[in-house]
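Here are the chains, one letter per residue:
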Amino acid sequence: MKRLGEVLTLAGLTGAGLTLWLGFTWAPSVTIEAFESPEAQKIFYWHVPSAWAAMLSFSLLFIGSTMWFFKRNQWAWRLHVASSEAGLATGLMCVVSGTIWGAAEWGIPWDWTDIRLNTFAMLTLLSLFLVLGRRSQPDGIETRDTFSTFGMYGFLLVPLTYFATRIWQIRHPGPVVGTSEGSLNSDMGLVLLIGAISFTILIIGHIISGMRLAHLELRFEDLTSKYEELI
Amino acid sequence: MAVLIKLEDLTVRRGRKEVLNGWNLNIDSAEVVVLSGENGCGKSTVIEAAAGLLNLENGSSKIQNQTIRDSEGRRGRTNFGLCLQNDCVMGDELVGEKLLDAAQANFDVKSLLDEWKLGHRINDKIAFLSGGQRRKIAVLSALVPAMISAQPIAVLLDEPDSGLDDDSIEILVQLLRDLAAGGHAILVTSHNQKIINAANRVISFPFSEKKQSPIIGTFNKLESKKSTTKNIGLRLNIRTMSGFANNGIAGLLVLGSMLAFVTPNQLGSEMLFAFILAPALAAGLNGDPIFKLLQENRAHAWWYVRKATPPNAFAHVFLGCGLLTILSSAIANHWDAIVILSGATLGLFTAIVVTILSHATLRLARPNAVMLRLLTPILILPWAILVSRLS
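Keep in mind it's a predicted model, so treat the numbers as computed, not measured. (Residues numbered from 1 in each chain as written. Chains lettered and ligands numbered in written order. Predicted model: local features only at pLDDT ≥ 70, side-chain atom pairs only at ≥ 80, totals over all residues.)

*Asks:* Which residues make up the confidence of the model for chain A, and what values do they have?
*Replies:* For chain A, per-residue confidence averages 87 on the pLDDT scale, and 90% of positions sit at 70 or higher. Taking the mean pLDDT of every element in chain A, the minimum, 80, falls on helix α6 (residues 157-167) of chain A and the maximum, 94, on helix α2 (residues 44-71) of chain A. (pLDDT = per-residue confidence, 0-100. Helix = DSSP H or I, 4+ residues; strand = E, 2+ residues; numbered from the N terminus.)

*Asks:* Talk me through the pairing of strand β9 (residues 185-189) of chain B; I want residue IDs and the actual numbers.
*Replies:* Residue and element names in this part refer to chain B. The buried count for β9 comes to 5 of 5 residues, which makes it a mostly enclosed element. By the alternation rule, side chains of β9 split into A185, L187 and T189 and I186 and V188, which are all buried. Note: strand β3 (residues 32-36) against β9, 4 bridges, orientation parallel. Bridged to V32 within β9 is I186. The sheet contact formed by strand β8 (residues 154-158) and β9 spans 5 bridges and is parallel. Bridge pairing in β9 places L156 opposite L187. Remark: the β8/helix α5 (residues 166-181)/β9 crossover connection has right-handed handedness. (Buried ≥ 20, exposed ≤ 12 C-beta atoms within 10 Å, placed from the backbone. Pairing = 2+ DSSP bridges. Right-handed = clockwise from strand over helix to strand, strands pointing away.)

*Asks:* How would you explain the pairing of β8 of chain B if you had to name every residue and give the values?
*Replies:* Residue and element names in this part refer to chain B. Counting buried positions over the 5 residues of β8 gives 5, a clear majority of the element. Going residue by residue along β8, you find A154, L156 and D158 tucked away on one face and V155 and L157 tucked away on the opposite face as well. Here strand β6 (residues 81-83) runs beside β8; their pairing, made up of 3 bridges, is parallel. Within the sheet, the bridge partner assigned to C83 lies in β8 and is L157.

*Asks:* Any chance you could break down the packing of helix α9 (residues 269-284) of chain B against helix α12 (residues 314-332) of chain B for me, citing the residues and the numbers?
*Replies:* Residue and element names in this part refer to chain B. Relative orientation of the contacting elements α9 and α12 amounts to 150 degrees, with a least axis distance of 9 Å. When the axis of α9 is compared with that of α12, the two are roughly antiparallel. Like other packed secondary-structure pairs, α9 and α12 cross with a definite hand, here right-handed. Residues L272, F275, I276, L277, P279, A280, A283 and G284 of α9 form the contact with α12, whose own contacting residues are V317, G320, C321, L324, T325, S328, S329 and A332. Of the residues belonging to the contact of α9 with α12, the class tally is 11 nonpolar, 5 polar and no charged. (Axes fitted to C-alpha atoms, helices over the stretch in contact; angles between N-to-C directions. Parallel < 35°, antiparallel > 145°, perpendicular 65-115°, else oblique. Left-handed = near helix turned anticlockwise from the far one by under 90°. Contact = placed C-beta atoms within 7 Å. Nonpolar A, V, L, I, M, F, W, Y, C, P; charged D, E, K, R; others polar.)

*Asks:* Which residues make up the interface of chain B and chain A, and what are the values?
*Replies:* At the junction of the two partners, chain B supplies 23 residues and chain A supplies 22 residues. Ranked by the residues each element gives to the side of chain B that touches chain A, the list is headed by helix α14 (residues 380-390) of chain B, at 5 residues. Residues that form the side of chain B that touches chain A fall into these classes: 14 nonpolar, 4 polar and 5 charged.

*Asks:* Let's hear about the nonpolar core: which residues, and what values?
*Replies:* Of all hydrophobic cores here, the largest spans 111 residues; its most connected members are L143, V155, L156, I186 and L277 of chain B. Each of two domains, domain 1 (3-226) and domain 2 (232-390) of chain B, supplies a minimum of three residues to this core. If we skip the residues at most four places from it in the chain, L277 of chain B touches T325, S342, G343, L346, W383, L386 and V387 of chain B. Formed by 53 residues, the second largest nonpolar core is a distinct cluster that contains F44, L126, F147 and I203 of chain A. (Core = buried A, V, L, I, M, F, W, Y, C linked by C-beta atoms within 7 Å. Domains from an automatic or database assignment.)

*Asks:* Help me get a handle on α9 of chain B, residues and values and all.
*Replies:* All names here are of chain B. With 16 residues, α9 should reach 22 Å at 1.5 Å per residue; the first-to-last C-alpha distance of 23 Å fits that figure. The sharpest bend along α9 measures roughly 35 degrees and falls at L277, with the proline P279 sitting one to four residues further on. In terms of residue burial, α9 counts as a mostly covered element, since 13 of its 16 residues are buried. (Expected span 1.5 Å × (residues − 1). Bend = angle between axes of the 7 residues up to and from the residue.)

*Asks:* Pulling in residues and values, what's your account of the sheet that holds strand β1 (residues 3-14) of chain B?
*Replies:* Residues and elements named next belong to chain B. Judged by pairing direction, the sheet is antiparallel, and its 4 strands sit side by side in the order β2-β1-β4-β5 without closing on themselves. Every interior strand has two partners, whereas the edge strands, β2 (17-28) and β5 (66-70), have only one. Adjacent strand axes in the sheet meet at a mean angle of 20 degrees when their direction is disregarded. Summarising the sheet, strand β4 (residues 58-63) and β5 pair through 4 bridges and their orientation is antiparallel. Looking at β5, one finds that K62 is bridged to T67. Sitting on the sheet, helix α1 (residues 43-50) touches β1, β2 and β4, and the angle it makes with β1 is about 115 degrees.

*Asks:* Just give me the short version of the domain arrangement of chain B, but keep the residues and values in it.
*Replies:* Residue and element names in this part refer to chain B. According to the domain assignment, chain B contains domain 1 (3-226) and domain 2 (232-390). Taking only C-alpha atoms into account, the centre of domain 1 sits 37 Å from that of domain 2. Taken together, the contact between domain 1 and domain 2 spans 14 residues of the former and 15 residues of the latter. Residue composition of the side of domain 1 that touches domain 2, by class: 7 nonpolar, 3 polar and 4 charged.

Next comes the structure, spelled out in structure tokens:
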């Protein structure tokens, strides 16, 4: 199953494409008065699954960072590397789709006083910081410990982001799934479910491929060092 | 003889290599131990691990019975001398002042500097010294705590002879023996034969140990009067104007840019508070003005060993952000003590967060290459919430 990661990534991408197609062509439009821009609401089928996938990536980033820091497991560092990249990709998908919707619905793309928007953006920036920062440093225990520390402390933002709209609903809408206040009909819910499953498969595939790639990169560096010792 | 330096089962990794594996070393009072060996064999790692500057995979470092660091994450501090390969001095410190800070006591600095042919530079900035002269100050900073102490303490020296002339090495060798006569325990790394000859024990890497009988010195404690070093960061900030040049200018630039497009007395309530508090936020985003000075010659490492809180100028950041808020309040013609206090507190809070993030990256091989600014946009949130609450 050497190609498991690639297979899952492709399956996830196909599912994400199907979600978009169903969302734009099959799922019913919202007609409720609460929306200023009902057409823009369809971004929701991309925005929510990507947010879910990003949260999953950030959780895996926390596991990878913690296991590296305390147990020094090599797989944990590879998980840290792959999940920070996955978190960056899905986080950007979520932030960009959210700002497009915000511009249409609220008239402004961003609200600096909204806790949910800012903590989620911060998580995405943390992933960018980890990805770019790691590339700027030689691999070694100091690099791994430092970035793992950021990965661990950064996780504090995950529960804060999750509960933000439940505690301080400023501008970002509250939860629509699994609550009595939800306004989803069954067709909408089905498309959203397909989206969530697709993005989960996509992110798992991406992380498996990323971990394998990180393993190969580290092996290549080891071989280079051994070669340098020989010559 | 009491053991003053105790390294137990040390395992240390640096980069991708395990440099020390299960390393043990005890150094008794009145003993000089020299570590020698090829470059890269791990001598400096021993010194830095003993000083508590490295994370330990296993084992512990104790100095004067105080745990300095162990693999469980426990950390502690005690009075000992330290000189690393980097000189660990800030260029803006004055020569005499640096030695007084190292001693944490008042003593006759001039006579000591005269012995080392530096008496005429006592009031000069360290930045104006030559490399060799700067090295002398770094070495003296490590030796002074032992020279003024009647109680035996530990001294850790990493290649102290590097860059020193022959006469200075002679003085150093004699001083090492004199300090040992006073009961102090000294761990030195060196390739210099004169220093090696001054040792009671020579440990060569990978590993062999040789005992010697060096000359016996005479310890004459330097007379000193206890004093605590206070406000080092504030003193440096006043001397360098770093706070004004970094934080202050950022705040003034933001204020000036806003004034190019905004007429403050026509602003609504929310925009008015955003206008008044924005310069303090911009100033705070530059962090502690002393942080950049501490990065020079790895000075932060030396201060980390001495104090839990490194020199900083947060008090000036608070005052500066307060002044910026007063200025923007004056321009907007809106006077409110709570808003001014909020601006000062916001700037201070922002600067503290930025500084903590900056300190967290200091262990990296290239701390300046990390894009820490990516993490600072979150600091707009407290500003925005404050603006929202005030209006």
